[in-house]
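One-letter residues, chain by chain:
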Amino acid sequence: MADAEVLLEVDGGVAVVTLNAPDRRNALTPAMASELIDVFDQVDARPEVGALVLRAVGKSFCAGGDVATLTNAGKDPAAPDAYEGMGRIYDSFYRLGQVKVPTIAAVRGSAVGAGMNMLLAADLRIVADDARLLAGFLKRGLHPGGGHFVILSRLIGREAAAAMALFGEEINGTKAVELGLAWESVDDAAVEDRALVLARRVAADPELARVAVGNFRKEVVNGAVSWEVATQFERPAQMWSMRRSSQG
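About the criteria used
- Residues numbered from 1 in each chain as written.
- Predicted model: local features only at pLDDT ≥ 70, side-chain atom pairs only at ≥ 80, totals over all residues.
- Heavy atoms only, no water.
- Axes fitted to C-alpha atoms, helices over the stretch in contact; angles between N-to-C directions.
- Helix = DSSP H or I, 4+ residues; strand = E, 2+ residues; numbered from the N terminus.
- Parallel < 35°, antiparallel > 145°, perpendicular 65-115°, else oblique.
- Contact = heavy atoms within 4.5 Å.
- Core = buried A, V, L, I, M, F, W, Y, C linked by side-chain atoms within 4.5 Å.
- Buried < 20%, exposed > 50% of the residue type's maximum accessible area, 1.4 Å probe, protein only.
- Expected span 1.5 Å × (residues − 1).
- Arc of directions from axis to C-beta.
- Pairing = 2+ DSSP bridges.
- Left-handed = near helix turned anticlockwise from the far one by under 90°.
- Nonpolar A, V, L, I, M, F, W, Y, C, P; charged D, E, K, R; others polar.
- Right-handed = clockwise from strand over helix to strand, strands pointing away.

Trainee: Help me out: how do you make sense of the packing of helix α5 (residues 148-166) against helix α9 (residues 227-246) in this one?
Mentor: When two helices pack together, their arrangement is given by the angle between their axes and by how far apart the axes lie. For the pair α5 and α9, the least separation of the axes is 7 Å and the interaxial angle reads 140 degrees. If you check the angle between α5 and α9, you find them oblique. Of α9, the residues touching α5 (which contributes His148, Phe149, Val150, Ile151 and Arg154) are Trp227, Ala230 and Glu234.

Trainee: I keep staring at the nonpolar core and nothing clicks. Help me out?
Mentor: A general trend in soluble globular proteins is that nonpolar side chains are found buried together. Formed by 69 residues in total, the largest nonpolar core has its most connected members in Leu52, Phe61, Met116, Leu119, Leu133, Leu152 and Leu181. Considering each element in turn, this core owes the most residues, eight residues, to α5. Beyond its immediate stretch of four places on either side in the chain, Met116 contacts Ala111, Leu133, Leu134, Ala135, His148, Leu152, Met164 and Leu181.

Trainee: When you look at helix α1 (residues 30-44) in this model, what are you seeing that I'm missing?
Mentor: The α-helix advances 3.6 residues per turn, and as a result positions three or four apart in sequence lie on the same side. End to end, α1 covers 21 Å across 15 residues, agreeing with the expected 21 Å (1.5 Å per residue, within 8%). Among all positions in α1, only Met32, Ala33, Leu36, Ile37, Val39, Phe40, Val43 and Asp44 are buried. All buried residues of α1 fall inside an arc of 160 degrees around its axis, so they share one side. Each element contacted by the buried residues of α1 is listed here: β1 (6-11), β2 (14-19), β3 (51-56), α3 (80-98), α4 (114-120) and α8 (206-220).

Trainee: When you look at the sheet that holds strand β6 (residues 110-112) in this model, what are you seeing that I'm missing?
Mentor: In sheet architecture, strand pairing relies on hydrogen bonds along the backbone and comes in two forms, parallel and antiparallel. Spatial strand order, β4-β6-β8: three strands in an open sheet with parallel pairing. Every interior strand has two partners, whereas the edge strands, β4 (60-62) and β8 (132-134), have only one. With strand direction ignored, the average angle separating the axes of adjacent strands in the sheet is 15 degrees. Sheet analysis places β4 next to β6, joined by two bridges and oriented parallel. From the neighbouring strand, Cys62 faces β6, where its bridge partner is Ala111.

Trainee: Which parts of the structure should I look at to understand the environment of Ser245?
Mentor: Its location among the elements puts Ser245 in helix α9. Take Ser245: its relative accessible area is 39%, and that puts it in the partly exposed class. Between the C-alpha atoms of Ser245 and Ala82, which are 163 residues apart in sequence, the distance is 15 Å. Look past the residues within four positions of Ser245 in its chain and what remains in contact with it is Arg140 and Gly141.

Trainee: Looking at this structure, I do not really get the packing of α1 against α3. What am I missing?
Mentor: Packing of α1 against α3 leaves a shortest axis separation of 8 Å and a crossing angle of 25 degrees. It follows that α1 is roughly parallel to α3 by the angle criterion. In this structure, α1 meets α3 at a crossing whose hand is left-handed. When α1 is examined against α3, the residues Pro30, Ala33, Ser34, Leu36, Ile37, Phe40, Asp41 and Asp44 are found in contact with a partner set consisting of Gly85, Arg88, Ile89, Asp91, Ser92, Arg95, Leu96 and Gln98. Residues that form the contact of α1 with α3 fall into these classes: seven nonpolar, four polar and five charged.

Trainee: Got a minute to help me understand the pairing of β2 in this structure?
Mentor: Residues in a regular strand project their side chains so that they alternate between the two faces of the sheet. Across the six residues that make up β2, a large majority, six, are buried. The side-chain alternation of β2 yields two buried faces, one formed by Val14, Val16 and Thr18 and the other by Ala15, Val17 and Leu19. Where β1 lies against β2, six bridges are found, and the strand directions are antiparallel. Across the sheet, the residue bridging to Asp11 is Val14, located in β2. Between the antiparallel neighbours β1 and β2 lie two residues, among them Gly12 with a positive phi of about 60 degrees. The parallel pair β2 and β3, bridged by α1, forms a crossover whose chirality is right-handed.

Below is the structure:
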């Protein structure tokens, strides 16, 4: 459906998943997160799919968690609806990290907070030269969530992760490549085409692609604390920060 907030198109063995809420810069709501999870389930159920490209409509890749959602949840983060809604947002990028095919984030514009988590969840990133990438949690008065420290530091290391997640450093696409956060930085207009070239290459043999990426993640993704554990470890601190923020 054209009015859906998450679109899915499959062409030549590549699933193209599009974030389609440009009016709020593709900020994630629980409803949009549920759509994403459903789309990822659909991709996994189609054996002819051998790769996935995640892209976005508009000037932002993803502005993080929707402000209204965060504000409402902050009134009582432990309330069942708020807790479940925030959990859906966490689950959406964690689910991307578990998709059974190789995944590429094609990133144009800004990615902030949970939007950073979304691109970090992919296996590979192609970013625009002028992309704006920042953690942004502490600037909002929030503790990072969703396992942010783990999935950021496993790409760029402790020092750069501290600079971004604790000290608020913002980077562009060129710096992202230098740090190891992205594979390639290209002109904004070329981002999606370049991601598709790579995706079509691995999607030529979907069965092999699925086996290879499963083993790739087991063998190369590591850390003192797993992403899954970090997601739960961070949550009490983030809930506390949300309540504090809502109370002024």
